Amino acid sequence: LNQLEKAVEAAHTFFMANPEHMEMQQNIENYRTMAGVEALQLVDLEAKPHLESYSAGVKHYEADDFELAIKYFEQALREYFSEDTECRALCEGPQRFEEYEYLGYKAGLYEAIAVLRVRHDKCRHRLSPSEVIIVLLTVFLMLYSSALRFIYFITGIGEYVKALECAKAYLLLHPDDEDVLDNVDYYESLLDDSSDPASIEAREDLAMFVKRHKMESELIKSAAEGLGFSYTEPNYWIRYGGRQDENRVPSGVNVEGAEVHGLSMGKKSSPKIDGDLREGGPLLYENITFVYNSEQLNGTQRVLLDNVLSEEQCRELHSVASGIMLVGDGYRGKTSPHTPNEKFEGATVLKALKFGYEGRVPLKSARLFYDISEKARKIVESYFMLNSTLYFSYTHMVCRTALSGQQDRRTDLSHPIHADNCLLDPEANECWKEPPAYTFRDYSALLYMNDDFEGGEFIFTEMDAKTVTASIKPKCGRMISFSSGGENPHGVKAVTKGQRCAVALWFTLDPLYRELERIQADEVIAILDREQQGKHELNINPKDEL
C-alpha cells in the first residue's frame, strides 16, 4: 500500500516477538535502505509498559544515574503488577457456553480449577518473560548494593532498609542463597542502633506476589492429586546467573577503608564477552577429546572437540532428522535461504518431542536431540569458565543438501561470512552490535552428525570476511564452539555433494532471551519423567499432556 511508516512499525513489532524470523529481519533492512537510517523510527506497537520502564531503568543504571534508575525500576514493578491483575481478571467472569445461559452461568468446581490453572500459568507467559519479576528483583539487589557506598555518605539509613527489604524478598524464592544471606548480614550491620533488623521484612508487594503464587500452586497440585490429572509447576523462579563467589559481600566490611570487589562496592555490568575472557575449564564428560583451543584456531574464545557424540548417536540423530525435518523450517519456509544451490531443512527440539509423542519418530530418539543439546550447553558453560548460567537462545537441527546439476563452478558459500550477535561490516572492519542482529547471543556451538558429503567446511575469517584463519572439516561427534561476537566471523563453504547435518546452538547469558520453545520442551520432559515414574499409579497419556 506504499505506507512505509506503517510497514516498518508492523515489521518491527513482529520481529520483536519473533527474533529468529529471518525474512522479517531482511524486510526491516530493506525498509531501512528505503527510508534512510535517520528517518527510520522502529516502534514496537505491542510493547508492554513494564518492559519499557525496565529498559529505561537499565539505561539509567548503566549511566550511574541511580536515582532515576530506582524510579523506573519501581515503575516497572507497579506496571507489571497492574498488567498481571488485568490478565488474571480476564480469566474470570462469565464465559459463553452453548448449553448454558451466558450471563447466568456460574462455574462449578472443574471450571474453577481450570480457570485457576490458566490464571496461574498463562498470565506469566502473556506478560512476556515469566522471569521478569525475578530479574527485576535481582537488578534491585545489584542497584541498591552498588549504590551503597554513595548512599552511605548522602542519604543514610533509608536506602539500607530498602536494600534489606529487597534481599529478604529474594530469599523468599531462594532461601539458601549464600550470597544474598551474606548481603542480609552486611545490610543489617549498617543499620543504626534505633533500627531492629528483625522488624524489617521482605518488600510487601513482592512478598504478596510470591505468597499468592505459592498458594495457587499448592491448590492446583492438590486438585491434580485428587482429580487424577498431571501438573508440573514451571520453574518461574530461576536464579539470575547462579552463585558467583567473587561478587559476595563480606559481612562487617569497612566501607570507608576498603575497596571490595563485590555487590556492595562496584557497579556490576551486564555479562559481556569482551571482559575477563577465560577458557580451559573441565569438559565434564568422559571420552570427549580436546582438539584445539583458541590459540591453535588463531582466534579468541574458540574450542574444537571430538567424540561429543558416539557413532551410534550420530546414526540415531540422522535417522530421526529424516522423520522430523521440513524444508525451510527455521528459514521462514525458504528452501534455499543462503544459496540457490542447496536445499535447507530444519527442526526444533519441541517439534522433535511432539513427533515422538505422536509416534511419528521413536520417542527415545526425539529425547536424544534434547539431551545432547543440553550436554553441549553444559560443556560450553564449563569450558569457557562462565560465572553466569548459560541459557538456550535457539536450538535448531539443520541439514543442507547439494542440489544436483547446480554444482559446476560454484563460487558462493553455503552460509556467507557473518557474526552471530552483530552486523559484520567488512569494509569498515567493524561489527555493529545493534538490531536487527541478535545482540543477546553470547556463545555459539555446532555439533556435527556426519561426514559423508563433499565440501561444507566450517571456516573462521578475519573481520574482512576474506582472510581464512581456520578451517574445520565436520564429522560425527565433532563440536566447534565460540563466542558469538565480531571476534569470530565465520561461514560455511559450499556443500557440493551429499547432505551435511548438524545441531546448531546459540546461547545467551541473559535469561530474558531464553528460547521459549526450549522452556516448553523442558516442561514436556518434566511431564515425561513424571509419567515414567508414576505410570503404574496414574493412567497418563503423554500425548494428551503435550
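Residues numbered from 1 in each chain as written. Predicted model: local features only at pLDDT ≥ 70, side-chain atom pairs only at ≥ 80, totals over all residues. Heavy atoms only, no water.

Per an unreviewed UniProt entry, the protein chain is named procollagen-proline 3-dioxygenase, and its organism is Ailuropoda melanoleuca. Under the UniProt heading Catalytic activity (unreviewed entry), the note attached to the protein chain is "L-prolyl-[collagen] + 2-oxoglutarate + O2 = trans-3-hydroxy-L-prolyl-[collagen] + succinate + CO2". The annotation that UniProt attaches to the protein chain under Sequence similarities (unreviewed entry) is "Belongs to the leprecan family." (UniProt positions renumbered as here; feature names shortened; annotations may be inferred.)

So, about the pairing of strand β4 (residues 342-347). Side-chain positions along a regular strand alternate between the two faces of the sheet. Counting buried positions along β4 yields five of six residues, so the element is predominantly enclosed. With six bridges joining them, β4 and strand β5 (residues 391-402) adopt antiparallel strand pairing. Residue Lys343 lies in a different strand from β5, and its bridge partner there is Thr401. (Buried < 20%, exposed > 50% of the residue type's maximum accessible area, 1.4 Å probe, protein only. Helix = DSSP H or I, 4+ residues; strand = E, 2+ residues; numbered from the N terminus. Pairing = 2+ DSSP bridges.)

Moving on, we come to the state of the cysteines. Evaluation of the coordinates by the stated rule reveals three disulfides. Here Cys314 engages in a disulfide with Cys476; their sulfurs sit 2.1 Å apart. On the sign convention where negative means left-handed, the S-S torsion of about 100° between Cys314 and Cys476 marks this disulfide as right-handed. Separated by 162 residues along the polypeptide, Cys314 in helix α10 (residues 311-324) and Cys476 in the loop between β12 (468-472) and β13 (479-483) bring together distant segments of the chain. Among the residues examined, Cys476 registers a relative accessible area of 13% and is labelled buried. Paired through a disulfide, Cys422 and Cys431 show a sulfur-sulfur distance of 2.0 Å. The sign of the S-S torsion, about 95°, decides the handedness of the disulfide formed by Cys422 and Cys431: right-handed. (Disulfide = S-S within 2.5 Å.)

The full count for this structure, using the stated rule, is two cavities of 30 Å³ or more. In terms of lining, the second largest cavity is formed by His12, Phe15, Met16, Ile28, Arg32, Leu42, Pro435 and Pro436. Secondary structure elements with two or more residues in the lining of the second largest cavity: α1 (4-17) and α2 (22-35). No other element matches the three residues that α1 contributes to the lining of the second largest cavity. (1 Å grid on protein atoms, 1.4 Å probe; cavity = no way out; pocket = protein on both sides within 12 Å on 5 of 7 lines; lining within 4 Å. Points joined across faces, edges and corners; volume = space filled by probe spheres on them.)

Now for the nonpolar core. Grouped together as the largest cluster of nonpolar side chains are 50 residues, with contacts concentrated most on Leu317, Met397 and Met479. Counting only elements with at least two residues in this core, the list comes to β2 (302-306), α10, α11 (349-357), α12 (363-383), β5, β9 (443-448), β15 (495-508) and α13 (516-533). Setting aside residues no more than four positions away along its own chain, Met479 makes contact with Val303, Leu304, Leu305, Val308, Ala376, Ile379, Val380, Ala445, Leu446 and Leu447. Of all hydrophobic cores here, the second largest spans 14 residues; its members include Leu297, Tyr394, Leu446 and Ala504. (Core = buried A, V, L, I, M, F, W, Y, C linked by side-chain atoms within 4.5 Å. Contact = heavy atoms within 4.5 Å.)

Further remarks concern unusual backbone geometry. Cis rather than trans, the peptide bond between Pro435 and Pro436 has omega equal to 10°. If you trace the backbone, Pro436 turns up in the loop between β8 (430-432) and β9. One non-glycine residue with positive phi stands out, namely Gln301, at about 55°. Among the structural elements, Gln301 can be located in the loop between β1 (289-292) and β2. Relative accessible area serves as the criterion here: at 3%, Gln301 is assigned to the buried category.

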